[in-house]
Amino acid sequence: MNLFLAYLVVTALLALVLLPAGLGLARERRIDRQLRDAARREAEPTETESAARPVTATRRPHLRSWARV
């Protein structure tokens, strides 16, 4: 029984440590998806805009970890 409780405690602590990272990753992916969709909508010519209008907003690829430089 003590071994089971030890595994349970380790698993709970691991979940508490990884939860903020998982939530941050999900938030970053959501923001990236929103920016990608907005860029696609901006790139599409509308009835009032000229199709020759250049797209000036460029976005650098997002690094997934701050440790990668």
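Residue positions within a chain follow its written sequence, with the count starting from 1. For a predicted model such as this one, the threshold for reporting local features is a pLDDT of at least 70, and the threshold for listing and counting side-chain atom pairs is 80 or more; totals across whole chains, interfaces and linings nevertheless cover every residue. The basis for every side-chain value is the complete set of heavy atoms in the structure, and neither hydrogens nor water enter the calculation.

Caption draft 1: Layout of the overall build of the chain. Comment: elements are numbered from the N terminus, with helices defined as DSSP H or I runs of at least four residues and strands as E runs of at least two. Within the chain, the regular secondary structure consists of 1 helix and 0 strands. Only protein chains enter the accessibility calculation, which uses a 1.4 Å probe; a residue whose area is less than 20% of its type maximum is buried, one above 50% is exposed, and one in between is partly exposed. Counting across all 69 residues of the chain, residues that qualify as buried make up 1%. Only the protein chains shown count as cover for residues, with accessible areas throughout obtained via the Shrake-Rupley method and a probe of 1.4 Å. Counting every atom, the chain has about 6,900 Å² of accessible surface; 63% of that belongs to carbon and sulfur.

Caption draft 2: Broad picture of the pattern of salt bridges. Salt bridges are defined by distance alone: a side-chain nitrogen of Lys or Arg within 4 Å of a carboxyl oxygen of Asp or Glu. Per the stated rule, a full pass over the model turns up 1 salt bridge. Between Asp37 and Arg40 there is a salt bridge; the shortest N-O distance is 3.7 Å. Of this pair, Asp37 and Arg40 both sit in helix α1 (residues 2-43), 3 residues apart, roughly one helical turn. Overall, Asp37 belongs to the partly exposed group, its relative accessible area being 30%.

Caption draft 3: Region of the structure containing α1. Look at α1: 61 Å from first C-alpha to last across 42 residues, which is about the 62 Å you get at 1.5 Å a residue. Bend at a residue means the angle formed by two fitted axes: the first through the 7 residues ending at that position, the second through the 7 residues beginning there. Its maximal kink placed at Leu18, α1 deviates by approximately 35°, while the proline Pro20 follows within four residues. A helix's residues, less one, multiplied by 1.5 Å, set its expected span.

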